[in-house]
Amino acid sequence: MQNYKLTLCYDGTRYRGWQKQGNTAQTVQGKLETLLSRALEQPIEIAGSGRTDAGVHARRQVCSFRAETDKSCAELMALLREYLPEDIGALSLEKAPERFHARLSAVRKTYVYRVWNSDAPCVFERKYVYVEPRPLDLDAMRRAAADLCGRHEFSAFSTGKKTGRAATRTVESVAIERCGEEVRFTFTGDGFLYNMVRILTGTLLEVGLGDRRPDDMAAILASHSRARAGFTAPAQGLFLWDVTY
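Residues numbered from 1 in each chain as written. Predicted model: local features only at pLDDT ≥ 70, side-chain atom pairs only at ≥ 80, totals over all residues. Heavy atoms only, no water.

(A) Molecular detail of the pairing of strand β1 (residues 2–10). Counting buried residues along β1, seven of its nine residues qualify, which places the element largely inside the surrounding structure. Bridge count between β1 and strand β4 (residues 88–95): seven bridges; the pairing is antiparallel. Its bridge partner lying in β4, Lys5 is registered against Glu94. (Buried < 20%, exposed > 50% of the residue type's maximum accessible area, 1.4 Å probe, protein only. Helix = DSSP H or I, 4+ residues; strand = E, 2+ residues; numbered from the N terminus. Pairing = 2+ DSSP bridges.)

Structure, rendered in structure tokens:
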């Protein structure tokens, strides 16, 4: 039984997220498992590096699976590229060490959130950005983001039920930069809780709009209360950007 490492990209617009679900076939994991199970004539279970939510995209998602097959990696790649839907792309496939696991072996993840910060129409990128036409104070958001870096319990920035050590993560950096009409947030850390990046983004946007002070972040973290943090930014602006092993 060979272990494989598969790297993908996908447009999450029409999917109910990464994780397969019993009530829908519209998940990325479900599409992959169905295709590989049929092609290899054996049950295939795929582990992803992270579970992207419904509508969230991936520039680089890594997954792993085990299979007994005589097909080469090149043959499997050709099969994936022929039969996967056009909004899921197979980037690379290689044999992996026996103990490699896409989620458990990951040491760092980077997410990018894209905000169209203009009142000009955003016709061609509208599925991949959140539109906020009001002026944003980037310096204020950067000061707030600095207090979010480090190792903290992030339960206030999650809609999940984890608390204490289970909700503790290390955020290595939060970069906020303007690229023309777009403001881009880049979050890098050892892991992120359910909806964490979207809530961090929503909270920082409220700072940028003047609805919160930059020095509010420490109190929100200490509260461990979701009600103290900002809104959950919509899914379409979020990308799983990179995974490091």
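Having seen the model, we can carry on.
(B) Representation of the pattern of salt bridges within the structure. Scanning all chains against the criterion turns up 15 salt bridges. With a shortest N-O distance of 3.4 Å, Arg198 and Asp53 are connected by a salt bridge. Residue Arg198 is found in helix α4 (residues 196–208), and its partner Asp53 is found in the loop between β2 (46–48) and β3 (57–67); the two are separated by 145 residues along the sequence. On the basis of relative accessible area, Arg198 is assigned to the buried category, the value being 13%. On the accessibility criterion, Asp53 (15% relative accessible area) is buried. Put simply, Asp190 and Arg151 hold a salt bridge, and the shortest N to O gap is 3.3 Å. Within this pair, whereas Asp190 is found in the loop between β9 (182–189) and α4, its partner Arg151 is found in strand β7 (residues 150–153), the two being separated by 39 residues in sequence. By relative accessible area, Asp190 is classed as partly exposed at 32%. (Salt bridge = Lys/Arg side-chain N within 4 Å of Asp/Glu carboxyl O.)

(C) Broad picture of the packing of helix α1 (residues 28–40) against helix α2 (residues 73–83). Closest axis-to-axis distance for the α1/α2 pair is 11 Å, and the angle between their directions is 125 degrees. Accordingly, the angle class assigned to the pair α1 and α2 is oblique. In the crossing of α1 with α2, the sense of the turn from one axis to the other is right-handed. Between α1 and α2, the residues in contact are Leu32, Leu35, Leu36, Ala39 and Leu40 and Leu76, Leu79, Leu80 and Tyr83, respectively. Of the residues assigned to the contact of α1 with α2, the class counts are nine nonpolar, no polar and no charged. (Axes fitted to C-alpha atoms, helices over the stretch in contact; angles between N-to-C directions. Parallel < 35°, antiparallel > 145°, perpendicular 65-115°, else oblique. Left-handed = near helix turned anticlockwise from the far one by under 90°. Contact = heavy atoms within 4.5 Å. Nonpolar A, V, L, I, M, F, W, Y, C, P; charged D, E, K, R; others polar.)

(D) Fine view of unusual backbone geometry. The backbone of Asn195 sits at a positive phi, close to 65 degrees, despite the residue not being glycine. Take Asn195: it is sitting in the loop between β9 and α4. The class for Asn195 is buried, based on a relative accessible area of 12%. If you check the backbone angles, His224 has positive phi at about 55 degrees while not being a glycine. Looking at where His224 falls in the secondary structure, it is placed in the loop between α5 (217–223) and β10 (238–244).

(E) Region of interest: the environment of Ile199. Position of Ile199 relative to the elements: it lies in helix α4. Looking at Ile199, the relative accessible area reads 0%, which means it is buried. Apart from residues no more than four positions distant in its own chain, Ile199 is found in contact with Ala156, Phe157, Ser158, Thr159, Arg226, Ala229, Gly230, Phe231 and Thr232.

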